[in-house]
Amino acid sequence: MNVLGVYGLHHQFGKQPEVLRGISLDIEPATMTAIMGPSGSGKTTLLNCMSGLLKPTGGQVLYRGQNVSGMSGTSLDQLRRTAWGFIFQSYNLIDALTAIENVRLPAVFDGTRMSDQTAVQALSSVGLAELATHYPDRMSGGQQQRVAIARAIATHRDVLFADEPTGALDSESGREVMDHLAGLPDAGTTVVMVTHDPMVAARAQRVVFLYDGRIVADTAGLTSHQISDRLVDLEAQA
Ligand SMILES: Nc1ncnc2c1ncn2[C@@H]1O[C@H](COP(=O)(O)OP(=O)(O)OP(=O)(O)O)[C@@H](O)[C@H]1O
Ligand SMILES: [Mg+2]
């Protein structure tokens, strides 16, 4: 069964023209999919509809057969606590908590306990064991993003939604973050990621291109050069 199914999705903010104009997409388990397209093409809106942050004005999103768009706030909260992880361009860590406390946070909300060992192992797997007791505001952007990934690793997220996860990073930190993100499907996590960067997108098995709220290409196995060429073509149309 697919992890996520998007069927005839439409979205419109108020009375403005539609931002999503009929999007259908099946996401297979334990894969990484990149969503690309010119600025304003609807990438973030699509991701937010998929993760229940935004209620689409038409169509459906199914998560393992459950209708996300029709779910109550409580059921969505439950999924966020137990099954879904999020990584945004700004790292969404809590500055008053250390790295290890940030990693353990979902387990705290969940009412389950996470051992120090599990949290430290997750931090080690992203190369941050020594920074376990440091606070995020003393870390580089790349380190903060790796803490966010460690959190997803430690809590075994079924799906990780990432919006421009390397958007605020220099290319070296971006590459490190991607090395860790790209390993998540091997551990069973399905990653859906929005990015502008062809090098980042080339790490995904599949790249879906949006233009003006529609899917215009659904590709696999493209090199970063080929991805970049496609984007240039799309931006020329914009
Ligand atoms: N909350 C909102 N209210 C009104 N319009 C919005 C809102 N959020 C997004 N839009 C509009 O919807 C369109 C798509 O926005 P979206 O953020 O999905 O694009 P994007 O592809 O993620 O762009 P970018 O690459 O710049 O992040 C844009 O025209 C944007 O101005
Ligand atoms: Mg966006």
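Before any of the text, the structure's been laid out above.
Fair warning: this is a prediction, and the values are worked out from it, not measured in the lab.

Observations concerning the overall build of the chain
Counting its secondary structure elements, the chain contains 8 helices and 10 strands. For a compact globule of 238 residues, the expected C-alpha radius of gyration is about 18 Å, and the chain comes in at 18 Å, within 12% of that figure. The C-alpha extent of the chain, read off along each of the three principal axes, is 50 × 40 × 35 Å. For the chain, the share of sequence-separated contacts (at least 6 apart) that also reach a separation of at least 24 residues comes to 69%. Side chains of the chain carry 18 positive and 24 negative charges; the gap between the two charge centres is 6 Å.

Brief notes about the side chain of Thr190
Inspection of the secondary structure assignment puts Thr190 in strand β8 (residues 190–194). At 2.9 Å, the side chain of Thr190 and the backbone nitrogen of Ala30 are in polar contact. Beyond its immediate sequence surroundings of up to four residues, Thr190 is in contact with Val3, Ile27, Glu28, Pro29, Ala30, Thr31, Asp158, Val159 and Leu160.

Looking at the pairing of strand β7 (residues 159–163)
Taken across its 5 residues, β7 has 5 buried, putting it largely inside the fold. The side-chain alternation of β7 yields two buried faces, one formed by Val159, Phe161 and Asp163 and the other by Leu160 and Ala162. For strand β6 (residues 84–87) and β7, the ladder comprises 4 bridges, and the chain directions are parallel. What sits directly across from Gly85, in β7, is Leu160. With 5 bridges joining them, β7 and β8 adopt parallel strand pairing. Residue pairing in the sheet places Phe161 in a bridge with Val192 of β8. For the crossover that starts at β7, traverses helix α6 (residues 171–181) and ends in the parallel β8, the hand is right-handed.

Topic: the sheet that holds strand β5 (residues 66–67)
A sheet is described by the order of its strands in space; here 4 strands give the open sequence β2-β1-β4-β5, paired in antiparallel fashion. Looking at strand neighbours, the two that pair on one side only are β2 (20–27) and β5, the edges of this open sheet. Relative to strand β4 (residues 58–63), strand β1 (residues 4–11) is paired through 5 bridges, and the arrangement is antiparallel. Following the sheet pairing, Tyr7 is matched in β4 by Gln60. Helix α1 (residues 43–50) rests against β1, β2 and β4 of the sheet, and its axis sits at about 125° to β1.

As for the sheet that holds β8
The strand order β6-β7-β8-β3-β9-β10 describes an open sheet built from 6 strands, whose pairing is mixed. Edge positions in the sheet fall to β6 and β10 (214–220), since each has one partner strand and no second. Between one strand axis and the next, the sheet turns by 15° as a mean value, whatever way the strands run. By the bridge criterion, 6 bridges tie strand β9 (residues 206–211) to β10 in an arrangement that is antiparallel. When the bridges of β10 are listed, Val207 appears paired with Thr219.

Let's talk about helix α4 (residues 116–125)
Within α4 the residues assigned to the buried category are Ala119, Ala122 and Leu123. Viewed end-on, α4 has its buried residues packed into an arc of 100°, placing them on one side of the element. Where the residues of α4 are buried, they touch α3 (99–110) and α5 (141–154). Directly after α4, the chain includes Gly127, whose backbone phi takes a positive value near 75°.

About the criteria used
Residues numbered from 1 in each chain as written. Chains lettered and ligands numbered in written order. Predicted model: local features only at pLDDT ≥ 70, side-chain atom pairs only at ≥ 80, totals over all residues. Heavy atoms only, no water. Helix = DSSP H or I, 4+ residues; strand = E, 2+ residues; numbered from the N terminus. Rg over C-alpha atoms; globule rule 2.2 N^0.38 Å. Contact = heavy atoms within 4.5 Å. Lys, Arg positive; Asp, Glu negative; His and termini not counted. Charge placed at Lys NZ, Arg CZ, Asp CG, Glu CD. Polar contact = N/O pair within 3.5 Å; in protein donor to acceptor, adjacent residues only side chain to side chain. Buried < 20%, exposed > 50% of the residue type's maximum accessible area, 1.4 Å probe, protein only. Pairing = 2+ DSSP bridges. Right-handed = clockwise from strand over helix to strand, strands pointing away. Axes fitted to C-alpha atoms, helices over the stretch in contact; angles between N-to-C directions. Arc of directions from axis to C-beta.

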